[in-house]
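Spelled out, the chains give:
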Amino acid sequence: GNVSYAEKSVMSAIKHDLKNKRSKLILAKVNYFKDRTDIAKILLNQLDGYESKDAEVHLLYGLIALKENKPNDAMQALKTSLSIDSENLSARMNLGVMHLKYRRLNEASIEFERVLKVDPQHSDALLHLALIKANLGEHDKAKEIFEDTLDKDEKNPIALFGLAVVAKAEDDLDEAVD
């Protein structure tokens, strides 16, 4: 979480080994988090760019495309990342969220279920899946997931929003407002 420290450390490593691919990938991530996407892309290009066989390279291309509001490029990069490493949960979650954003509920549901197959306690995947269930009218299951989440984190904004959506769908407007 300390991007500045990571940048300092990785620059020191690169000074000793200019060809260290892992260090360049970390530096690309640092630049992404510091909103220097042009520098991040230059570093990714040094790691074989779009021809890379590293799922993390393609994941980062996808995240950059999302940040640059290029959803088609993001979708392609995330799918490429998953074709290299099908258990890349970050790529799968981002792909699921993209599907959800564009109201492709079935595709989104598949991605979140695949995340849960690898990590059954993945709270973000559970919450996103519950949002889909709420949209599809499966209110009881969605409500159960939201309430379980609030038992662990009483101020979770996604769970609170989800419960409001379910309450509104059930015409319980007072509960939705609460």
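The rules behind each value
- Residues numbered from 1 in each chain as written.
- Predicted model: local features only at pLDDT ≥ 70, side-chain atom pairs only at ≥ 80, totals over all residues.
- Heavy atoms only, no water.
- Helix = DSSP H or I, 4+ residues; strand = E, 2+ residues; numbered from the N terminus.
- Contact = heavy atoms within 4.5 Å.
- Areas by Shrake-Rupley, 256 points an atom, 1.4 Å probe, with all protein chains shown as cover.
- Lys, Arg positive; Asp, Glu negative; His and termini not counted.
- Charge placed at Lys NZ, Arg CZ, Asp CG, Glu CD.
- Core = buried A, V, L, I, M, F, W, Y, C linked by side-chain atoms within 4.5 Å.
- Buried < 20%, exposed > 50% of the residue type's maximum accessible area, 1.4 Å probe, protein only.
- Salt bridge = Lys/Arg side-chain N within 4 Å of Asp/Glu carboxyl O.
- Patch = residues over 30% accessible without salt bridge, like charges linked within 9 Å, V, L, I, M, F, W, Y side chains within 5 Å.
- Axes fitted to C-alpha atoms, helices over the stretch in contact; angles between N-to-C directions.
- Parallel < 35°, antiparallel > 145°, perpendicular 65-115°, else oblique.
- Left-handed = near helix turned anticlockwise from the far one by under 90°.
- Expected span 1.5 Å × (residues − 1).
- Arc of directions from axis to C-beta.
- Polar contact = N/O pair within 3.5 Å; in protein donor to acceptor, adjacent residues only side chain to side chain.

A.B. asks: Looking at this structure, how should I read the overall build of the protein chain?
C.D. replies: Scanning the protein chain for helices and strands turns up 11 helices and zero strands. Dimensions of the protein chain along its principal axes, counting C-alpha atoms only, are 60 × 30 × 30 Å. Within the protein chain, contacts between residues separated by at least 24 positions form 38% of all contacts whose residues are at least 6 apart in sequence. For the protein chain, the computed accessible surface area is about 10,700 Å², with 49% contributed by carbon and sulfur atoms. Between the mean site of the 26 positive side-chain charges and the mean site of the 31 negative ones, the protein chain shows a separation of 11 Å.

A.B. asks: Can you walk me through the environment of Asn20 in this structure?
C.D. replies: Considering the arrangement of structural elements, one finds Asn20 in the loop between α1 (3-16) and α2 (21-33). Along the sequence, Asn20 and Ala134 sit 114 residues apart, while their C-alpha atoms lie 47 Å from each other.

A.B. asks: Can you help me understand the nonpolar core in this one?
C.D. replies: Generally speaking, a soluble globular protein has its nonpolar side chains buried in company with each other. If you look at the biggest cluster of nonpolar residues, it comprises 25 residues, and the most contacted ones within it are Leu25, Ala28, Leu44, Val57, Leu60, Ile64 and Leu78. At the level of secondary structure, the elements contributing two or more residues to this core comprise α1, α2, α3 (37-45), α4 (55-67), α5 (71-84) and α6 (89-101). In terms of residue count, α4 provides more of this core than any other element does, seven residues in total. Sequence-distant contacts of Leu44, that is, excluding residues within four places in its chain, are made with Leu25, Ala28, Gly49, Val57, Leu60, Tyr61 and Ile64.

A.B. asks: I tried to follow the pattern of salt bridges on my own but got confused; where do I start?
C.D. replies: Per the counting criterion, the structure on display carries 10 salt bridges. We note a salt bridge from Lys21 to Asp48, for which the minimum N-O separation is 3.7 Å. A residue pair is termed long-range when its members are at least 10 positions apart, and Lys21 in helix α2 and Asp48 in the loop between α3 and α4 qualify at 27 residues. On the basis of relative accessibility, which here comes to 45%, the residue Asp48 falls in the partly exposed class. Connected through salt bridges with shared partners, the residues Glu7, Lys34 and Arg36 form a single ionic network.

A.B. asks: Where do I start with a negative patch on the surface in this structure?
C.D. replies: Taken together, Asp140, Glu144, Glu147, Asp148, Asp151, Glu170, Asp171, Asp172, Asp174, Glu175 and Asp178 make up a surface patch of like negative charges. If one sorts the elements of the negative patch by residue count, helix α9 (residues 139-152) sits on top with five residues. You can see Asp151 is positioned in helix α9.

A.B. asks: In this structure, what is going on with the packing of α4 against α5? I would like to understand it.
C.D. replies: The description of two packed helices rests on the angle between their axes and on the distance between the axes. Here α4 crosses α5 at 165 degrees, and the two axes come no closer than 8 Å. Classed by the angle they form, the pair α4 and α5 counts as roughly antiparallel. Note that α4 runs across α5; the crossing there is left-handed. Across the interface between the two elements, Ala55, His58, Leu59, Tyr61, Gly62, Ala65 and Leu66 from α4 touch Asp73, Ala74, Ala77, Leu78, Thr80, Ser81 and Ile84 from α5.

A.B. asks: When you look at helix α10 (residues 157-169) in this model, what are you seeing that I'm missing?
C.D. replies: An α-helix turns once per 3.6 residues; consequently, residues spaced three or four apart project the same way. For α10, spanning 13 residues, the distance from its first C-alpha to its last is 18 Å, which sits close to the expected 18 Å at 1.5 Å a residue. Looking at α10, one finds that the buried residues are Ala159, Gly162, Leu163, Val166 and Ala167. For α10, the angular spread of the buried residues around the axis is 135 degrees, confining them to a single face. Facing away from the buried side of α10 by over 90 degrees, the exposed positions are Pro157, Phe161 and Lys168. Those residues of α10 hidden inside the fold are in contact with α8 (123-135), α9 and α11 (173-177). Among the residues of α10, the N-terminal cap falls to Asn156, whose side-chain oxygen and the backbone nitrogen of Ile158 are separated by 3.0 Å. In the segment just after α10, Asp171 is the residue with positive phi, at about 60 degrees.

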